[in-house]
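Residues per chain, in single letters:
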Amino acid sequence: MHVTDLARRADTTAETVRHYTELGLLRPDRDPANGYRRYGGDDLRRLRFALKARGLGFTLGDVRALIEESESGATPCPRVRALIETRLQEVEARIQELRGLSDRMQAAVAAWENAPDCRLEDGRVCGLIDSFNAGRG
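Read on for a plain summary of the structure. Here the structure is a predicted model, which means the values were calculated and not measured.

**What to know about a nonpolar patch on the surface**
- On the surface, a cluster of nonpolar side chains totalling about 260 Å² of accessible area is made up of Leu98, Leu101 and Met105.
- Following the sequence through the fold, Leu101 ends up in helix α5 (residues 77–112).

In structure tokens:
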């Protein structure tokens, strides 16, 4: 398979295939006649695995480590369980941060609803932001 064939079969983009190849996650052969990359079934399996793992929040570094562990003959399942718990904690923390940001943004919208627009002559950029007390700086 060529890049576009592999991308189509994995329901992704050719750019993703090229990027994952550059990172060493995919290991195509070179066609001796024209130098084009030729991807095989192992590449398709690795690519589908990588896409599923990314969809679950695993990093490309995680994906590489899991592939390497599998290729060394060990099962990466215990590492997968540990990593997903870590990634879940990271996502939950990020959700909390975003909730706080949403609350601050809603408060700003409400506070600025009837505030006048004005140009400040004292060097400040925007009086709305300068006057807002978000409780975080």
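**A closer look at unusual backbone geometry**
- Of note, the phi angle at Asp11 is positive, near 55°, even though the residue is not glycine.
- Looking at the element boundaries, Asp11 is found in the loop between α1 (3–10) and α2 (14–22).

**Regarding the packing of aromatic side chains**
- Per the counting criterion, the structure on display carries one aromatic pair.
- With centroids separated by 5.8 Å and ring planes inclined at 70°, the aromatic side chains of Trp112 and Phe132 adopt a geometry described as edge-to-face. Of this pair, Trp112 sits in helix α5 while Phe132 sits in the segment after α6 (127–131), and the two are 20 residues apart along the sequence.
- On the basis of relative accessibility, which here comes to 28%, the residue Trp112 falls in the partly exposed class.
- Taking relative accessible area as the criterion, Phe132 reaches 22% and is therefore assigned partly exposed.

**A closer look at α1**
- Listed as buried for α1 are Val3, Leu6, Ala7 and Ala10. Mapping the buried residues of α1 onto a view down its axis gives an arc of 100°, with all of them on the same face. More than 90 degrees from the buried face of α1, the exposed residues found are Arg8 and Arg9.
- Tucked into the core, α1 has its buried residues touching α2 and α3 (41–55).
- Positive backbone phi, approximately 55°, marks Asp11, located one or two places after α1.

**Description of the nonpolar core**
- Residues Leu6, Val17, Tyr20, Leu26, Leu47 and Val63 are the most contacted members of the largest nonpolar core, which totals 20 residues.
- Residue assignment for this core shows that the elements contributing at least two residues are α1, α2, α3 and α4 (60–71).
- Not counting residues within four places of it along the chain, the set of residues in contact with Leu47 comprises Leu6, Ala10, Thr12, Val17, Tyr20 and Leu26.

Rules used in this analysis
- Residues numbered from 1 in each chain as written.
- Predicted model: local features only at pLDDT ≥ 70, side-chain atom pairs only at ≥ 80, totals over all residues.
- Heavy atoms only, no water.
- Patch = residues over 30% accessible without salt bridge, like charges linked within 9 Å, V, L, I, M, F, W, Y side chains within 5 Å.
- Areas by Shrake-Rupley, 256 points an atom, 1.4 Å probe, with all protein chains shown as cover.
- Salt bridge = Lys/Arg side-chain N within 4 Å of Asp/Glu carboxyl O.
- Helix = DSSP H or I, 4+ residues; strand = E, 2+ residues; numbered from the N terminus.
- Phe/Tyr/Trp six-rings, centres within 6.5 Å; stacked < 30°, edge-to-face > 60°.
- Buried < 20%, exposed > 50% of the residue type's maximum accessible area, 1.4 Å probe, protein only.
- Arc of directions from axis to C-beta.
- Contact = heavy atoms within 4.5 Å.
- Core = buried A, V, L, I, M, F, W, Y, C linked by side-chain atoms within 4.5 Å.

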